[in-house]
Amino acid sequence: MVKLNKIYTRTGDDGTTGLTGRHRRPKHDLRVSAYGTVDETNACIGLVRLHTAHDGVVDGILARIQNDLFDLGADLSTLGTKEELKYEPLRVVADQVDRLEREIDLLNEEIPPIRSFVLPGGSPAAAHLHLARTVCRRAERLTVELRMTPGEEVSAECVKYLNRLSDLLFVMSRYLNDKGAADVLWVPGGNR
């Protein structure tokens, strides 16, 4: 259980932040950037949810994803093994990735195939989903870079989760754009 009595601690005034497991890193550290961008993705999804209360299916999926993103942030901000930490750290698991795939398939069943690339836009919910998708892709790039950095540990499930989530956010944007009918399509060379 998380309990926060005091919001400011002054421990970050030196330009560092605390990770789970008592490690400190500079605030510009790649690991901090990765989980910070996961947090940005979550905030974007919060904006989307201002426009999805009418759709219980989509809003329910997004509510669960927001919780998953906190799990992902906890995973990325925790250094050490169970033995080192003296407790089982929270990690993203394959079932969370599998659920995203099932939700992509469920929503995509009702959408016709794409005839062109889709431009961000359409309904307010779809536009916000596109923003969330692009922030999620940035989180994925940072997480992959972190995973490929010698001495850093990041599970494959973290990367897979972000990859599937950006796909789901794209499919969701089409679903909320009148199941693709209100998509704004790219017209190659249309302004020459």
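So, how was this worked out
- Residues numbered from 1 in each chain as written.
- Predicted model: local features only at pLDDT ≥ 70, side-chain atom pairs only at ≥ 80, totals over all residues.
- Heavy atoms only, no water.
- Helix = DSSP H or I, 4+ residues; strand = E, 2+ residues; numbered from the N terminus.
- Buried < 20%, exposed > 50% of the residue type's maximum accessible area, 1.4 Å probe, protein only.
- Contact = heavy atoms within 4.5 Å.
- Lys, Arg positive; Asp, Glu negative; His and termini not counted.
- Charge placed at Lys NZ, Arg CZ, Asp CG, Glu CD.
- Expected span 1.5 Å × (residues − 1).
- Polar contact = N/O pair within 3.5 Å; in protein donor to acceptor, adjacent residues only side chain to side chain.
- Axes fitted to C-alpha atoms, helices over the stretch in contact; angles between N-to-C directions.
- Parallel < 35°, antiparallel > 145°, perpendicular 65-115°, else oblique.
- Left-handed = near helix turned anticlockwise from the far one by under 90°.
- Nonpolar A, V, L, I, M, F, W, Y, C, P; charged D, E, K, R; others polar.
- Core = buried A, V, L, I, M, F, W, Y, C linked by side-chain atoms within 4.5 Å.

J.: Can you walk me through the overall build of the protein chain in this structure?
T.: Helix and strand counts for the protein chain come out as six helices and four strands. If you line up the protein chain on its principal axes, its C-alpha atoms span 55 × 40 × 30 Å. Taken over 192 residues, the protein chain has a buried fraction of 42%. Considering only contacts in the protein chain between residues 6 or more positions apart, those separated by 24 or more positions represent 69%. Seen as two clouds, the 26 positive and the 28 negative side-chain charges of the protein chain have centres 4 Å apart.

J.: Could you clarify how one ought to interpret helix α2 (residues 56-76) in this entry?
T.: Owing to its 3.6 residues per turn, the α-helix aligns residues three or four sequence positions apart on the same side. With 21 residues, α2 extends 30 Å from end C-alpha to end C-alpha; this agrees with the ideal 30 Å at 1.5 Å per step. Where α2 begins, the capping side chain belongs to Asp-55, and its oxygen is found 3.1 Å from the backbone nitrogen of Val-57.

J.: Before we go on, may I ask you to explain the environment of Pro-112 in this structure?
T.: With respect to the helices and strands, Pro-112 occurs in the loop between α4 (94-108) and β3 (118-119). In contact with Pro-112, not counting residues within four places along its chain, are Arg-174 and Lys-179.

J.: It is not clear to me how the packing of α4 against helix α6 (residues 156-176) should be interpreted in this structure. Could you clarify?
T.: Relative to each other, α4 and α6 sit at 20°, their axes nearing to 9 Å. On the basis of the axis angle, α4 is roughly parallel to α6. As α4 runs across α6, the sense of the crossing is left-handed. The residues of α6 that touch α4, namely those facing Ala-94, Gln-96, Val-97, Leu-100, Glu-101, Glu-103, Ile-104, Leu-107 and Asn-108, are Glu-157, Lys-160, Tyr-161, Arg-164, Leu-165, Asp-167, Leu-168, Val-171, Met-172 and Tyr-175. Class assignment of the residues belonging to the contact of α4 with α6 gives a composition of eleven nonpolar, two polar and six charged.

J.: Please clarify how the nonpolar core should be interpreted in this entry.
T.: The nonpolar side chains of a soluble globular protein tend to be buried with one another. Leu-62, Ile-65, Leu-72 and Tyr-161 are the most contacted members of the largest nonpolar core, which totals 39 residues. Looking at this core, the elements with two or more residues in it are α1 (30-48), α2, α4, α5 (124-147) and α6. Of the residues forming this core, the biggest block, ten residues, is contributed by α6. Sequence-distant contacts of Ile-65, that is, excluding residues within four places in its chain, are made with Ile-45, Leu-100, Tyr-161, Leu-165 and Leu-168.

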